[in-house]
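Residue-level structure breakdown
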Amino acid sequence: MNEITNLSDLASALKSFPPQGDVLAVLDALPVGLAYADASGKILWGNRRAEEIFGHPLFATDSIADFGSWVCYHGDGSQVAVEDYPLLRALQGERQASLDFHYPRGDGRRAWVRAIATRIDDSEGVIQGAIATILDIDAERRAADEAKSAHKRLEVAQRAGEIGTFEILPEEGRVLISEEFCKVWGLKPRSEISIAEAEALLNPDDLAEVQAAGDYGVGRSIYRMTQPETGEQRWIVRRGEAVTGEDGRIRHFGVTYDVTETKRTEEALRDREERLRAALDGSGAGTFRWDILTGALDFDPTLDMLFGFEPGHGPKTLEACAARIHPDDRDAFITRCKLCVETGADFDMEYRVVLADGSARWLYDRGKVYLDRDGNAAYMTGACTDVTQRTLIARRLNTVLESITDGFIAVDTAWMVTLVNKAAEQFLDFRRADVLGIKLWEAFPELGDSELASVLTAVMQDRAPRTVEIEPKRRPDTTIEIRLSPKDGGGLAASFTDISARKKAERHRELLVGELNHRVKNTMALVQATAQQTFRSANLSDAVRRTFDGRLAALAAAHDLLTRQSWESAMLSEIVTAAMTPFGAIDDDRVTVEGPDVRLPAQATVAFAMALHELATNAAKYGALSGEQGQVAIVWSRDAARLCFEWTERGGPVVRKPEGRGFGSRMIERALASELGGDVSLHFDPDGVRCLIDAPISEV
């Protein structure tokens, strides 16, 4: 066998003969495939490993271009052009040419192959041929593809789950971080962060705990950190492991994610639970859970005690619970439970439980049914409260309502009739059973678009009480007074009284008052006519006649005020206005009037009107209203015990105290004081007349 010392010798050996003997054995034993082509491009030979990789024998060809059955593909699936084959590229001058390609093997399986062709030159540099090394890289490429796919899946998972990854390098004082890590921590995009910088972002209390735990990035920890861009504090979870590499170097890998919303939810839930427990403790309510599928019943300690058991020793099944319920309520309780199971309806019922001493306790039980995925009742949770006192009070109230003569009807926020007493039932001629539990508008369709319907709606909306009088269609020639009030907790209540007799009496009184007013006016006219005849025959001055006419007019004005109020009372402000109007001073703002609402009885009204007339007349003749600059201030006030009234004149002529007391002064100081049951005083100050009135409020 010729000695082979270099590629040129190998090329000469392969060109002159197919390998034989030891050469063939050596070449076939190589772990890589070999294929040889001469300078003309003719493939002369391939070893056994090459045939194994390609999946078929390598037959000699005239040229590579004729090897049409050797179809191979790029990674993107496109076919490799012949001129791109490594052997051909080497023969065309490249020192070394390589290509990874997908090759359809003879057994039908596609495999990844790497061909590396090396050009073989002689000592003169003339191309003698090319030899290709054939490598099976299928497992390598598939592993790389799988790694790439896994990395892609990891990136997708990180983005979807908002999970950041990191590698801590403690000896270098830095942390390699991912894009999602930056988002979780609120950092601008970067590939690493120093340990010191990361620690500076942690809450000081949490940092001390993290540092005390040691082993950066190992295990699980949760801490607060402040995002540098926004200053917002967030809750972060970190999970990590320490991995020892082949070089013995320890590497710290881990993930981090934001749990702020979870923490807030937990805190809110804990707060709600604490408030619920406080509310339950404050209300004395007990809670339960009934597993409908297994029949297990669980009471909390409070409900155990409400049922008369020691805490922790309450009933464990619905049957045991029902056994504790009063016999008169037990069947309704069981029926209601069955209805909830069958329909998924909520449980809402009041019933009595019989305690060990034989006494009964009223409970209000409200529960909610929860369904499984198939829509079947799975379990019920709820709460019970002791309503014994409320029930007893309600029963006493019901007894009172049944005994009164006023009608009473109540509705809830949905306008459902919830309560009707016997008087309402009898007066409006209906059966309670026909209206309870249905809407008011359906129970009484005659309401329609009536005025009463509008008032009812207004009370329900603005929660302000109102009173209205109507003539119900169900009772012709009848008038009722309806008093509407909002109920605590929603809805409204209406009580009504038959006021037909009162309205008839009021109409009769109005007729009598009208007749009285007519007669009083006639009497005053007769008095005035008689006085005029008398004054003419007595040759009295015009001033006397005017004084008398003014006083009579004041008396008539007071009577007019009382007539409008059915001779019962009159407002003090109206008395003042009526007395001052004839003097014209109110219109030009020379008289100011100020005071709260005060109502005077009939006799006091007449006396006050006459007194004001005397004061105004005196002011017009001699006082503040006799000139253009004078003013009169009329002010009054009141408290729980007394009325204080003050007439003050200013800006008129200098006042001199009269030597005697005339009719007007006596009438003011004596008659008015007597009617009011108080003190009345006149003061003739140089600046102007003052009249002070102080009377007990009980008289006015």
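Anything mentioned here points back to the structure above.
Residues numbered from 1 in each chain as written. Predicted model: local features only at pLDDT ≥ 70, side-chain atom pairs only at ≥ 80, totals over all residues. Heavy atoms only, no water.

**Regarding the overall build of the chain**
Regarding its fold elements, the chain presents 22 helices and 28 strands. In the chain, buried positions account for 39% of the 700 residues. Considering only contacts within the chain whose residues lie at least 6 apart along the sequence, 47% involve residues at least 24 apart. On the chain, roughly 39200 Å² of surface is accessible, and the fraction owed to carbon and sulfur atoms is 52%. (Helix = DSSP H or I, 4+ residues; strand = E, 2+ residues; numbered from the N terminus. Buried < 20%, exposed > 50% of the residue type's maximum accessible area, 1.4 Å probe, protein only. Contact = heavy atoms within 4.5 Å. Areas by Shrake-Rupley, 256 points an atom, 1.4 Å probe, with all protein chains shown as cover.)

**Some details on the side chain of Asp 206**
Here Asp 206 lies in helix H8 (residues 204-213). By relative accessible area, which is 9% here, Asp 206 ends up buried. From its side chain, Asp 206 meets the backbone nitrogen of Arg 224 in a polar contact 2.7 Å long. Sequence-distant contacts of Asp 206, defined by excluding residues within four places in its chain, comprise Tyr 223 and Arg 224. (Polar contact = N/O pair within 3.5 Å; in protein donor to acceptor, adjacent residues only side chain to side chain.)

**Side note on the nonpolar core**
Grouped together as the largest cluster of nonpolar side chains are 42 residues, with contacts concentrated most on Phe 608, Ile 634, Phe 645 and Trp 647. Mapped onto this core, the elements with two or more residues apiece are helix H20 (572-580), helix H21 (602-621), strand S25 (631-638), strand S26 (642-650), helix H22 (663-676), strand S27 (679-685) and strand S28 (688-696). Among the elements that make up this core, the one with the highest residue count is H21 (11 residues). Ignoring sequence-local partners within four residues, the contact set of Phe 608 consists of Leu 572, Ile 575, Leu 600, Phe 645, Leu 672, Leu 676 and Ile 693. (Core = buried A, V, L, I, M, F, W, Y, C linked by side-chain atoms within 4.5 Å.)

**Let's talk about a nonpolar patch on the surface**
Side chains of Leu 397, Val 400 and Ile 404 sit close together on the surface and give an oily, nonpolar patch of about 240 Å² of accessible area. Looking at where Leu 397 falls in the secondary structure, it is placed in helix H13 (residues 388-403). The exposure class of Leu 397 is partly exposed, given its relative accessible area of 48%. (Patch = residues over 30% accessible without salt bridge, like charges linked within 9 Å, V, L, I, M, F, W, Y side chains within 5 Å. Salt bridge = Lys/Arg side-chain N within 4 Å of Asp/Glu carboxyl O.)

**Some thoughts on the sheet that holds strand S19 (residues 466-470)**
Spatial strand order, S18-S17-S21-S20-S19: five strands in an open sheet with antiparallel pairing. What marks the edges here is a single partner per strand, and that holds for strand S18 (417-420) and S19. The average angle at which neighbouring strand axes cross in this sheet is 20°, direction not considered. Both strand S17 (residues 407-411) and strand S21 (residues 492-498) contribute to a ladder of five bridges, which runs antiparallel. The partner of Ala 410 across the bridge, within S21, is Ala 493. (Pairing = 2+ DSSP bridges. Axes fitted to C-alpha atoms, helices over the stretch in contact; angles between N-to-C directions.)

**What about the environment of Arg 174?**
Along the chain, the position of Arg 174 falls in strand S7 (residues 174-177). Along the primary structure Arg 174 and Ala 198 are separated by 24 residues, whereas in three dimensions their C-alpha atoms are 9.1 Å apart. Separated by 2.6 Å, the side chains of Arg 174 and Glu 172 make a polar contact. A polar contact of 2.8 Å, which involves the side chain of Arg 174, links it to the side chain of Glu 192.

**Some words on the environment of Pro 170**
Among the secondary structure elements, Pro 170 is positioned in the loop between strand S6 (163-169) and S7. For the pair formed by Pro 170 and Ile 250, sequence separation is 80 residues and the distance between their alpha carbons is 9.6 Å. Residue contacts for Pro 170: discarding those within four places in its chain leaves Ile 195 and His 252.

**Observations concerning the pattern of salt bridges**
Applying the stated rule across the entire model yields 34 salt bridges. The closest approach of N and O atoms between Arg 174 and Glu 172, which form a salt bridge, is 2.6 Å. The partner of Arg 483 in a salt bridge is Glu 481, with the nearest N and O atoms 2.9 Å apart. Judged by relative accessible area, which is 17%, Glu 481 ranks as buried. A single salt-bridge network, built from bridges that share partners, covers Glu 232, Arg 234, Asp 258, Glu 261 and Arg 264.

**Structural notes on the pairing of S17**
Among the five residues of S17, five are classified as buried, and the element is accordingly described as predominantly covered. Here S17 shows a buried face lined by Gly 407, Ile 409 and Val 411 and a second buried face lined by Phe 408 and Ala 410. Sheet topology note: the S17/S18 ladder contains three bridges and is antiparallel. Residue Val 411 lies in a different strand from S18, and its bridge partner there is Val 417. The hairpin formed by S17 and S18 contains five residues between the paired strands, and Trp 415 there has a positive phi angle of roughly 70°.

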